[in-house]
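Residues per chain, in single letters:
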Amino acid sequence: MLLNIARRNQALVHRQLKLVDTLERRTDDPDVLDDLFRIDHLTTRMRRHAESLIILSGSAPGRRWRRPVPVAEVVSSAVSEIEQYTRVVVPPMPEVGVAADAVADVVHLIAELVENATVFSPPRTQVTLRTGRAVSGFVLEIDDRGLGLEPDQIDEAHRTLTTPEDFDPTRHDRLGLYVVGRLAARHGIKVTLCRSPYGGTTAVVLLPEAVLAPVETTQPTADTAPVALPTRTATALLPAQRKASGEQQTGSVPPEAPEPPVLPTRVRQRALAPELRTAAPVADETPEREITPEEMRAVFGAFQRGLDRGRKGLPAEPDTGGSGSAPSGPAQRTDTEEGTDADDAP
């Protein structure tokens, strides 16, 4: 009857975990996600308690793994199943795996011991873990900073761990050590309690070689193999530098890089339709006559005279080039006229 009730409770808890996981995937609100995480954590603890009833009934929980799991992930999963998981300090661990058929039981066993360490120690203290390889397996030590156990209490706890079949629900209200004893006897795990150097209690868990297994490392396939980046084999040189360096070197010379393509040049009116193109200007057959220095001097002299007369307010000189009439008097010269005889006057 007890096993049947525990199985039904476990099934309901699994359904609740799936529902919470679906809700977490559908929302992005941080406040809602925080509340859903608390519900998820509480449901995980309920699942562990349901599995404890199944274990005390002499059966095994239904959770299974297909391949070995690293011991670091096993310990992290166990810590996540307790209420005060933030107080636990998990150190780096070696590359050791736990066999697939023992992962669920090892997680449950470590979770019960770590929860006892957090419950029976001050709330502001930490629970530290120490791990390492041993001659006969893998050792995990759990230290708390509580008041510790008296020698007679430690002896009673050892009797509970070694004879878990004596569990009577009518006489015992603490189920943790009985669950640990059942799981340890199932896999040959040795659990020892002793005084902690921090003043509390140290739980030493020895995982035998039968529980351990090598961790499978995924090798990169041909499709996922990293592609080597191209490397520069020589320094780029200009054609003249390549020629000079080629004359100096007597050994083998690396092949020259191909010349860069010539950039296209723009041709006027290439994109226009033929009827829209303008005819090219016809070149004048008679070459243009060059201006002599005397003519250029006369042009600038006339410009200078006109500028000077304008500044003095004199009227403009009459244009006699086309009328044929002689001027009434000689043209008045100024000292500013370029090339005049004023500079040479005595």
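Remember, it's a predicted structure, so these values are computed and weren't measured experimentally. (Residues numbered from 1 in each chain as written. Predicted model: local features only at pLDDT ≥ 70, side-chain atom pairs only at ≥ 80, totals over all residues. Heavy atoms only, no water.)

1. Looking at the confidence of the model for the protein chain
Here's step 1: With 71% of its residues at a pLDDT of 70 or more, the protein chain shows a mean pLDDT of 76.
Here's step 2: Within the model, the stretch residues 220-224 combines pLDDT values under 50 with 0 contacts to residues more than four positions away or in other chains.
Here's step 3: Considering only residues more than four positions removed or in separate chains, one finds that residues 321-346, a stretch of pLDDT under 50, has 16 contacts. (pLDDT = per-residue confidence, 0-100. Contact = heavy atoms within 4.5 Å.)

2. Brief notes about the sheet that holds strand β6 (residues 190-195)
Here's step 1: If you walk across this open sheet you meet the 5 strands as β2-β4-β5-β7-β6, and the pairing is mixed. Sheet topology places β2 (88-89) and β6 at the edges, where each strand pairs with a single neighbour.
Here's step 2: Sheet topology note: the strand β5 (residues 137-143)/strand β7 (residues 201-208) ladder contains 7 bridges and is antiparallel. Note that in β7 the partner of Leu140 across the bridge is Val205. (Pairing = 2+ DSSP bridges. Helix = DSSP H or I, 4+ residues; strand = E, 2+ residues; numbered from the N terminus.)

3. Here we look at the pairing of β5
Here's step 1: Among the 7 residues in β5, 6 count as buried, and that is most of the element.
Here's step 2: Both strand β4 (residues 127-134) and β5 contribute to a ladder of 7 bridges, which runs antiparallel. Bridge pairing in β5 links Thr128 to Asp143.
Here's step 3: Taking the residues that link successive antiparallel strands as the turn, the β4-β5 hairpin has 2 residues. (Buried < 20%, exposed > 50% of the residue type's maximum accessible area, 1.4 Å probe, protein only.)

4. Let's talk about the pattern of salt bridges
Here's step 1: The full count for this structure, using the stated rule, is 11 salt bridges.
Here's step 2: Its salt-bridge partner being Arg47, residue Glu81 comes within 3.4 Å of it at the nearest N-O pair. Pair noted here: Glu81 is in the loop between α3 (71-79) and β2 and Arg47 is in helix α2 (residues 30-56), with a separation of 34 residues, a long-range link. In this pair, the class of Glu81 matches that of Arg47, namely buried. (Salt bridge = Lys/Arg side-chain N within 4 Å of Asp/Glu carboxyl O.)

5. Quick look at the packing of α3 against helix α4 (residues 103-119)
Here's step 1: Direction vectors running N to C along α3 and α4 enclose 50°, while the axes themselves pass 8 Å from each other. Of the possible angle classes, the one that applies to α3 and α4 is oblique. Read as a crossing pair, α3 and α4 show a hand that is right-handed. Side by side, α3 and α4 meet where Val74, Val75, Ser77 and Ala78 of the first sit next to Val103, Val106, Val107, Ile110 and Ala111 of the second.
Here's step 2: Counted by class, the contact of α3 with α4 contains 8 nonpolar, 1 polar and no charged residues. (Axes fitted to C-alpha atoms, helices over the stretch in contact; angles between N-to-C directions. Parallel < 35°, antiparallel > 145°, perpendicular 65-115°, else oblique. Left-handed = near helix turned anticlockwise from the far one by under 90°. Nonpolar A, V, L, I, M, F, W, Y, C, P; charged D, E, K, R; others polar.)

6. Regarding a nonpolar patch on the surface
Here's step 1: Taken together, the side chains of Ile291, Met296, Val299 and Phe300 present a nonpolar region at the surface, about 400 Å² in accessible area.
Here's step 2: Inspection of the secondary structure puts Ile291 in the loop between α7 (239-248) and α8 (293-312). (Patch = residues over 30% accessible without salt bridge, like charges linked within 9 Å, V, L, I, M, F, W, Y side chains within 5 Å. Areas by Shrake-Rupley, 256 points an atom, 1.4 Å probe, with all protein chains shown as cover.)

7. Regarding the packing of α4 against helix α6 (residues 176-187)
Here's step 1: Two elements in contact, α4 and α6, have axes whose closest approach is 9 Å; the angle formed by their N-to-C orientations is 150°. The pairing of α4 with α6 is recorded here as roughly antiparallel in orientation. Between α4 and α6 lies a crossing of left-handed hand. On α6, the residues that touch Asp105, His108, Leu109, Glu112, Leu113 and Asn116 of α4 are Gly176, Leu177, Val179, Val180, Leu183, Ala184, Arg186 and His187.

8. Considerations on the sheet that holds strand β1 (residues 69-70)
Here's step 1: Read from one edge of the open sheet, 3 strands run β1-β3-β8, paired in antiparallel fashion. Only two strands of the sheet have a single neighbouring strand rather than two, namely β1 and β8 (212-213).
Here's step 2: Sheet analysis places strand β3 (residues 97-98) next to β8, joined by 2 bridges and oriented antiparallel. Bridge assignment links Gly97 to a residue of β8, and that residue is Ala213.

9. Digging into the nonpolar core
Here's step 1: Within the largest apolar cluster, 44 residues are counted, with the highest numbers of intra-cluster contacts made by Val106, Leu109, Ile110, Ile142 and Ile189.
Here's step 2: A total of 9 residues in this core trace back to one element, the largest contributor, which is α4.
Here's step 3: Setting aside its immediate chain neighbours within four residues, Ile189 contacts Val106, Leu109, Ala184, Val205, Leu206, Leu207, Pro208 and Val211. (Core = buried A, V, L, I, M, F, W, Y, C linked by side-chain atoms within 4.5 Å.)

10. Regarding the pairing of β6
Here's step 1: Pairing of β6 with β7, which is carried by 6 bridges, proceeds in the antiparallel orientation. By the bridge assignment, Arg195 is partnered in β7 with Thr201.
Here's step 2: Hairpin geometry of β6 and β7 is characterised by an intervening segment of 5 residues between the two adjacent antiparallel strands and by a positive phi of about 105° at Gly199.

11. Focus: the side chain of His108
Here's step 1: Of note, His108 is situated in helix α4.
Here's step 2: His108 gets classed as buried once you look at its relative accessible area, which sits at 1%.
Here's step 3: Apart from residues no more than four positions distant in its own chain, His108 is found in contact with Arg48, Glu51, Ser52, Ile55, Val179 and Leu183.

12. Points about helix α5 (residues 151-162)
Here's step 1: Helix length check: α5 (12 residues) gives 17 Å between terminal C-alpha atoms against 16 Å at 1.5 Å per residue, within 8%.
Here's step 2: Among the residues of α5, Ile154, Ala157, Thr160 and Leu161 are the ones counted as buried. Seen end-on, α5 carries its buried residues on one side only, within an arc spanning 115°. Seen from the open side of α5, the exposed residues pointing more than 90 degrees away from its buried face are Pro151, Asp152 and Thr162.
Here's step 3: Taken together, the buried residues of α5 touch α6 and β6. (Expected span 1.5 Å × (residues − 1). Arc of directions from axis to C-beta.)

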